[in-house]
Amino acid sequence: GVFQLQRDGRVTPWLLRVDGIDLPPTNFVVEDAAGRFWVTVSTRLKPRALGYRRSCNDGFIVRVDTRGAAIVADGLGYTNEVAVHPDGQWLYVNETFARQLSRFALRPDGSLGAKEVVTEFGPGTFPDGLAFDEEGHAWVVSIVSNRLIRVAPDGSQTLWLEEADTAQLAWVEAAFEAGTMGRPHLDGAPSRSLRNISSIALAGSDRRTAVLGCLLGERLATLPLP
């Protein structure tokens, strides 16, 4: 489920059930400009490491608004971060082990259109975190390979940053292709500076500083963007 952590340390339940089912472990929560919350569940499999497969297709998205909570998109390939496009017309989502960035038309009532695949990622890229810049381009970060990729509205990709260990990446990629990828493939990061990038935010008064969160890191890395 989803819980609220207060500044004084109190933890209270916020969303435990949706459409009559108990929520599995959830991945991400974000509030949009309209006050709606979008919640992702990566997979229904337990343990969820069983979803580290190309065949994973049971992730879903929950919308929470004044009407309550409802599953609004299902059948996704390990649902990760979601973000509303700056124009307010699209909901974008990273499908980590389907290796694609997808989007849904976002209607005024909060309902979603059919899924469209914006772009597919190649070997070594497992899309996780997501943020938009002022030009409507998506910045996507990849776990394992420590890649930062800018995706244009037409789906074209620009690799902006990478810090990958060749042997580690080959080992993970082989396990993914063999359908045997598990927690050990995410829990080690021989890289020096970036320790498994999982999230990105654009910060500063001009939003030209990328802040990178890392699953195995103990600090936030930053870099200037144009």
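1. What about the packing of aromatic side chains?
The description of an aromatic ring pair uses the distance of the two centres, along with the angle that the planes make with each other.
In step 1: Throughout the structure, instances matching the rule amount to nine aromatic pairs.
In step 2: Summarising the aromatic geometry, the rings of tryptophan 139 and tryptophan 160 are spaced 5.2 Å apart at their centres and angled 80 degrees between planes, so their arrangement reads as edge-to-face. Of the two residues, tryptophan 139 is situated in strand β14 (residues 138–143) and tryptophan 160 in strand β16 (residues 157–162); the sequence distance between them amounts to 21 residues.
In step 3: For tryptophan 160, a relative accessible area of 37% gives the class partly exposed.
In step 4: Among the aromatic side chains, those forming a connected cluster through ring pairs are Tyr52, Tyr78, Phe97, Phe126 and Phe176.
In step 5: The ring of phenylalanine 126 carries arginine 99 above its face, with NZ or CZ at 4.5 Å from the centroid.

2. Focus on helix α1 (residues 166–178)
In step 1: Taking 1.5 Å of rise per residue, the 13 residues of α1 would be expected to cover 18 Å, and the 18 Å separating its terminal C-alpha atoms lies within 8% of that figure.
In step 2: All buried positions along α1 are accounted for by Gln168, Leu169, Val172, Glu173, Ala175 and Phe176. Across the axial projection of α1, the buried residues extend over an arc of 160 degrees, all falling on one side. Away from its buried face by more than 90 degrees, α1 exposes Thr166, Ala167 and Ala178.
In step 3: Looking at the buried residues of α1, the elements they touch are β13 (126–132) and β15 (147–151).

Rules of the game
Starting from 1, residues in each chain are numbered consecutively following that chain's sequence as written. It should be noted that, the model being predicted, local features are given only for residues of pLDDT at least 70 and side-chain atom pairs only at 80 or more, the latter also being counted only at that level, while totals for whole chains, interfaces and linings use all residues. With hydrogens and water excluded, all non-hydrogen atoms of the structure serve as input to the side-chain values. Side-chain rings of Phe, Tyr and Trp, where Trp is taken by its six-membered ring, are said to pair if the distance between their centres is within 6.5 Å; with planes under 30 degrees apart they count as stacked, over 60 as edge-to-face, and otherwise as tilted. Starting at the N terminus, helices and strands are each numbered in turn, a helix being any DSSP run of H or I of at least four residues and a strand any DSSP run of E of at least two. Residue burial is assigned from relative accessible area. The probe radius is 1.4 Å, only protein chains are included, and a residue is buried under 20% of its type maximum, exposed over 50%, and partly exposed in between. For a Lys NZ or an Arg CZ to count as sitting over a ring, it must be within 6 Å of the ring centre and within 35 degrees of the ring normal. Multiplying 1.5 Å by the residue count of a helix minus one yields the expected span of that helix. Directions pointing from the helix axis toward each C-beta atom define the arc. By definition, residues are in contact when any of their heavy atoms lie within 4.5 Å.

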